[in-house]
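Descriptive structure summary
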Amino acid sequence: MSGEAAAKGQATVDIAIASEGDAASIAALARDTFVAAFAASNTPGNMALYVDKAFSEDKVRGELGDSAATFFCAEKNGTPAGYAKLYRGAKQACVTGTRIVELQRIYVAPASIGSGVGSMLLHSCIKMALQEGFETLWLGVWEHNDGAIAFYRNNGFVDVGKQNFWLGTDQQTDRVMQLVLRA
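Source: prediction; values computed, not measured.

Thoughts on the confidence of the model for the protein
Chain-level pLDDT for the protein is 92 on average; 93% of the residues reach the 70-or-more range. A low-confidence stretch, residues 1-8 (pLDDT under 50), is modelled with seven contacts involving residues beyond four sequence positions or located in other chains.

Comments concerning helix H5 (residues 117-131)
An ideal rise of 1.5 Å per residue puts 21 Å on 15 residues; H5 measures up with 21 Å between its terminal C-alpha atoms. Within the sequence span of H5, burial applies to Val117, Gly118, Met120, Leu121, Leu122, Ser124, Cys125, Ile126, Met128 and Ala129. Just past H5, the residue glycine 133 takes up positive phi, approximately 80°.

Some details on the pattern of salt bridges
Counted according to the given criterion, the structure contains eight salt bridges. Lysine 85 is the partner of glutamate 63 in a salt bridge, and the nearest nitrogen-oxygen pair spans 3.6 Å. Placement of the pair is glutamate 63 in helix H4 (residues 57-64) and lysine 85 in strand S3 (residues 79-88), with a sequence separation of 22 residues. Judged by its relative accessible area of 3%, lysine 85 is buried. With a closest N to O distance of 2.7 Å, arginine 88 and glutamate 132 form a salt bridge. Placement of arginine 88 in strand S3 and of glutamate 132 in the loop between H5 and strand S5 (136-142) is noted, with a sequence separation of 44 residues between them.

Parameters at a glance
- Residues numbered from 1 in each chain as written.
- Predicted model: local features only at pLDDT ≥ 70, side-chain atom pairs only at ≥ 80, totals over all residues.
- Heavy atoms only, no water.
- pLDDT = per-residue confidence, 0-100.
- Contact = heavy atoms within 4.5 Å.
- Helix = DSSP H or I, 4+ residues; strand = E, 2+ residues; numbered from the N terminus.
- Expected span 1.5 Å × (residues − 1).
- Buried < 20%, exposed > 50% of the residue type's maximum accessible area, 1.4 Å probe, protein only.
- Salt bridge = Lys/Arg side-chain N within 4 Å of Asp/Glu carboxyl O.

This is the structure we're talking about:
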């Protein structure tokens, strides 16, 4: 896809698996994309509580060092454009299949939304999941994130349940969606 985009004069997007050395850039991108996506719908205090805990450089470095996690980073013309995180081992009771993997995070920088970066990250995650023999890819998405829900539905995910999500001191509800990778 990168070659095709470059041939048409469009931006070149590169997807790579991240290492612990990418912790600072992923943490910054994580904070920026999360705040851009959710600040308008949440209190500044709850946003700060969550972002400071979930996206500190040390926390991200620890996640990058976790053998159950794989991060994919997208760069568009050399600028961070988004990231995704696959996590092996977590399961919700409503998710079906015997070999499951979670798409724990997928965020795209505001300037790259609608450019195909999200689809490229998702397809990188699906490709790895299939290579590793997983049957089901699942995720949690905030029930009020209509754009993300539509994106996942357009990519074959279906609703299978709900889970709680704490944003600071605010208990919210995530929809649990899954994509069957193997019949």
